[in-house]
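The primary structure of each chain is shown beneath.
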Protein chains: 2
Amino acid sequence: MAAKQRVVNLSTIRQACSECSLFQLCLPVTLDAEDVEQLEDIVQRRRPLRRGEYLYRAEDPFRAIYAVRAGAIKTTVLSINGEEQITGFHLPGEILGLDAINSGRHPCSAQALETTSVCEIPFDNLEYLATKIPGLQQSLLRIMSKEIFKDHELLYAVAKRSADERLAIVLLSFSNRFGRRGLSRTRFRLPMSRAELSNYLGLAPETMSRLFRRFQEQGLITASGKEIALQDIGALRDLAYGYGCEANQRHLRS
Amino acid sequence: MAAKQRVVNLSTIRQACSECSLFQLCLPVTLDAEDVEQLEDIVQRRRPLRRGEYLYRAEDPFRAIYAVRAGAIKTTVLSINGEEQITGFHLPGEILGLDAINSGRHPCSAQALETTSVCEIPFDNLEYLATKIPGLQQSLLRIMSKEIFKDHELLYAVAKRSADERLAIVLLSFSNRFGRRGLSRTRFRLPMSRAELSNYLGLAPETMSRLFRRFQEQGLITASGKEIALQDIGALRDLAYGYGCEANQRHLRS
DNA sequence: ATAATGCATTGACGTCGATCAAGATGGAGG
DNA sequence: CCTCCATCTTGATCGACGTCAATGCATTAT
């Protein structure tokens, strides 16, 4: 078993949530300045992870939840025969580790897809703080609720949608997630490989490759490597949400 | 649009959590007698739902979460073209409605599979109480964490497993859930139809039917209608968790 | 520059499970 | 008891997607 490269508080520094551009994404609630200050006291930053490094591994004891500051992280569960299933991609402003609260151990591994920095939020401290700050408790519950909701949507997508619908859904999801950070909704760089994307969607890498070609032939997107440009968002939406229906445009993972 | 048959506080009575046999399942934490009493003050029981009645519908405003006392409930999301995807089955002692906290509206509908009674827990009250009782806050967070974890497992099952593996997984899941209520782990009555089960697993009803036949021919189960008897749990586990591996027997939805 | 490595692409082929269609079963109601 | 309707079953067929295998392409190491 590989040595767990746990970096214990080594290069952690006090974090300035109040100045973080991602704060509204991270904790979408109204906390007054004093509350935020208390929060800053417990949030720590760790040494950035290099591509491939683990933030935590499955079965690791649960100590903290994490917010991505920059980069990207994938969470995976491992089956007995050693093949992995990717359960989520986590972009800046998004929280991970919540699935470990119940058992006290991380049920999945979290691995950096590229150079990634995260804020570490020790859970005991957070939980204590939440009893003092009602707004924080509320925020926590909402974040977790949203996670459950997103999982249900993803489940539906994987269970009931065809391969091209799934791809459309996930492309629009990334589009939204980049967009709300103020980046382009139509041109972005995917942090994961085709193989990882296909794994996430429950497809074979070859199928993903063929899909990308078809989408380009149909003028829906252009792609060169990980650089993606959405050329016909309307058509993608039609694929993802059914034909031309403008209602019910809740976006997967948005 | 059908009239929403909301039963507002009509026949609600104060609930005696302290005497409920499902309490440990519902809220698996240590609350002292005084805390439980406070909880009882806010928990209400509603008139039992008849088969097919809705507890809530998608888009309904979120007011409360619910604990199943008896019976069974399915939660479903509706796609644009009107077909439904079942996102979960909820048995006695299990909580539903958590996915609505974030948006303030229920993202899915909840419908009784048979005559079902539930405890209603108004969320505002619960949230307030949680700020007063740390153990309750902790419990809430754990329940939600577990929900996220289960969703990830289910996602993995649907995305990566073959039809027979999925059936084995879900049968063992029900076995556990009946077992922990003190009922038989090997003989039980499924509350849902074959069609609903197949929908949940992302399969066609015909496939489900064939699977049941094959499982019976192979001596894994016997089934007559909704009555199921697991004849060879070991073999089912092999199917569900990989060949003969005794480790890692985390059970889906257990 | 060349080799080596890892990921992406492309094609050929097979299979699992969906779909279509037709009975069988069984429960609810008269 | 019989009828009626929904659900379940069974068979035949088809297609989407996985698998296998070969090749291309890019990046890094030699």
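An account of the sheet that holds strand β12 (residues 227-230) of chain A is needed here, citing residue identities and associated values.
Residues and elements named next belong to chain A. What the three strands build is an open sheet, ordered β10-β12-β11; its pairing is antiparallel. Pairing within the sheet leaves two strands with one partner each, and these edge strands are β10 (187-189) and β11 (221-224). For this sheet, the mean angle separating the axes of adjacent strands, direction not counted, is 15°. In terms of strand pairing, β10 meets β12 through three bridges, oriented antiparallel. Considered in β12, the bridge of Phe-188 is made with Ile-228.

Mind laying out the state of the cysteines, listing which residues take part and the relevant values?
Residue and element names in this part refer to chain B. What the rule picks out here adds up to zero disulfides over all chains. Here Cys-20 stays free of any disulfide, with the sulfur of Cys-119 as its closest cysteine sulfur at 6.1 Å. This cysteine, Cys-26, is not joined by any disulfide, and Cys-20 carries the nearest cysteine sulfur, 6.4 Å off.

Go over the protein's contact with DNA strand C, please, and point to the residues and values.
Close contacts around DNA strand C come from 15 residues, with A:Arg194, A:Arg213, B:Ala163, B:Thr207 and B:Arg210 the closest. Interatomic distance of 3.4 Å between a backbone N/O atom of A:Ala195 and a phosphate oxygen of DNA strand C. Measuring from a phosphate oxygen of DNA strand C, one finds a backbone N or O atom of B:Ala163 at 2.7 Å. Among the secondary structure elements, those contributing two or more residues to the surface near DNA strand C are α6 (194-200) and α7 (205-217) of chain A together with α7 (205-217) of chain B. For the surface near DNA strand C, the leading source of residues is α7(A), giving four residues. For the surface near DNA strand C, a count of residues per class yields four nonpolar, five polar and six charged.

Pulling in residues and values, what's your account of the domain arrangement of chain A?
Reports of interface size often rely on the accessible area that becomes lost once the parts have come together. All names here are of chain A. The domains assigned to chain A are domain 1 (2-152) and domain 2 (160-253). Opposite the 22 residues of domain 1 that make contact, domain 2 presents 15 residues. In this assembly, domain 1 packs against domain 2 so that about 1,600 Å² is buried in total across both faces, 55% of it on carbon and sulfur atoms. It is Phe-89, Leu-91 and Lys-150 in domain 1 that bury the most area against domain 2; as a group they hold 36% of the surface buried on that side. For Lys-74, the salt bridge identified is with Glu-196, shortest N-O distance 3.0 Å. For the pair domain 1 and domain 2, the number of links is six residue pairs in polar contact (both at pLDDT 80 or more). Broken down by secondary-structure element, the contributors of at least two residues to the side of domain 1 that touches domain 2 are β6 (84-90) and α4 (134-160). If you tally residues by element for the side of domain 1 that touches domain 2, the top one is β6, at seven residues.

Just give me the short version of the interface of chain B and chain A, but keep the residues and values in it.
Between chain B and chain A, the residue contacts involve 46 residues of the former and 46 residues of the latter. Roughly 4,400 Å² of surface becomes buried between chain B and chain A when both sides are summed, with 62% attributable to carbon and sulfur atoms. Our enumeration of links across chain B and chain A arrives at zero salt bridges. In this structure, the connection of chain B to chain A is made through 17 residue pairs in polar contact (both at pLDDT 80 or more). In terms of residue count, helix α4 (residues 134-160) of chain B provides more of the side of chain B that touches chain A than any other element does, 20 residues in total.

Before we move on, could you go through the packing of helix α2 (residues 33-42) of chain B against helix α3 (residues 123-132) of chain B and cite the residues and values that matter?
Residue and element names in this part refer to chain B. The interhelical angle for the contact between α2 and α3, taken along N-to-C directions, is 165°, at an axis separation of 10 Å. The angle between α2 and α3 falls in the class roughly antiparallel. Regarding α2 and α3, the two cross each other, and that crossing is right-handed. In this structure, α2 uses Gln-38, Leu-39 and Ile-42 to contact α3, whose residues at the interface are Asn-125, Leu-126 and Leu-129. Tallied by class, residues from the contact of α2 with α3 come to four nonpolar, two polar and no charged.

So what about the environment of A:Leu211? Which residues, and what values?
Residue and element names in this part refer to chain A. For Leu-211, the position within the fold is in helix α7. Judged by relative accessible area, which is 4%, Leu-211 ranks as buried. Residues within four places of Leu-211 in sequence aside, it is in contact with Ala-163, Asp-164, Leu-167 and Leu-203.

Pulling in residues and values, what's your account of the sheet that holds strand β11 (residues 221-224) of chain B?
Residue and element names in this part refer to chain B. Reading across the sheet, the three strands line up as β10-β12-β11 and stay open at both edges, with antiparallel pairing between neighbours. The two strands at the open ends of the sheet, each matched to only one other strand, are β10 (187-189) and β11. Strand-to-strand, the axes of this sheet are offset by a mean angle of 15°, without reference to chain direction. Taken strand by strand, helix α5 (residues 163-179) contacts β10, β11 and β12 (227-230), and its axis lies near 95° from that of β10. Packing of α7 onto the sheet brings it into contact with β11 and β12, and relative to β11 it is tilted by some 130°.

Go over the relation of the copies chain B and chain A, please, and point to the residues and values.
Expressed as a screw transformation, the operator carrying chain B onto chain A has a rotation angle of 180° and an axial translation of 0.0 Å, and the superposed copies differ by an RMSD of 0.0 Å. The operation mapping one copy onto its partner corresponds to a two-fold rotation axis. Same-surface contact between copies: 100% of interface residues of chain B are shared with the interface of chain A.

Thresholds applied
- Residues numbered from 1 in each chain as written.
- Chains lettered and ligands numbered in written order.
- Predicted model: local features only at pLDDT ≥ 70, side-chain atom pairs only at ≥ 80, totals over all residues.
- Heavy atoms only, no water.
- Pairing = 2+ DSSP bridges.
- Helix = DSSP H or I, 4+ residues; strand = E, 2+ residues; numbered from the N terminus.
- Axes fitted to C-alpha atoms, helices over the stretch in contact; angles between N-to-C directions.
- Disulfide = S-S within 2.5 Å.
- Near = heavy atom within 4 Å.
- Polar contact = N/O pair within 3.5 Å; in protein donor to acceptor, adjacent residues only side chain to side chain.
- Nonpolar A, V, L, I, M, F, W, Y, C, P; charged D, E, K, R; others polar.
- Domains from an automatic or database assignment.
- Contact = heavy atoms within 4.5 Å.
- Buried area = accessible area lost by both parts, 1.4 Å probe.
- Salt bridge = Lys/Arg side-chain N within 4 Å of Asp/Glu carboxyl O.
- Parallel < 35°, antiparallel > 145°, perpendicular 65-115°, else oblique.
- Left-handed = near helix turned anticlockwise from the far one by under 90°.
- Buried < 20%, exposed > 50% of the residue type's maximum accessible area, 1.4 Å probe, protein only.
- Least-squares fit on C-alpha atoms with pLDDT ≥ 70 in both.

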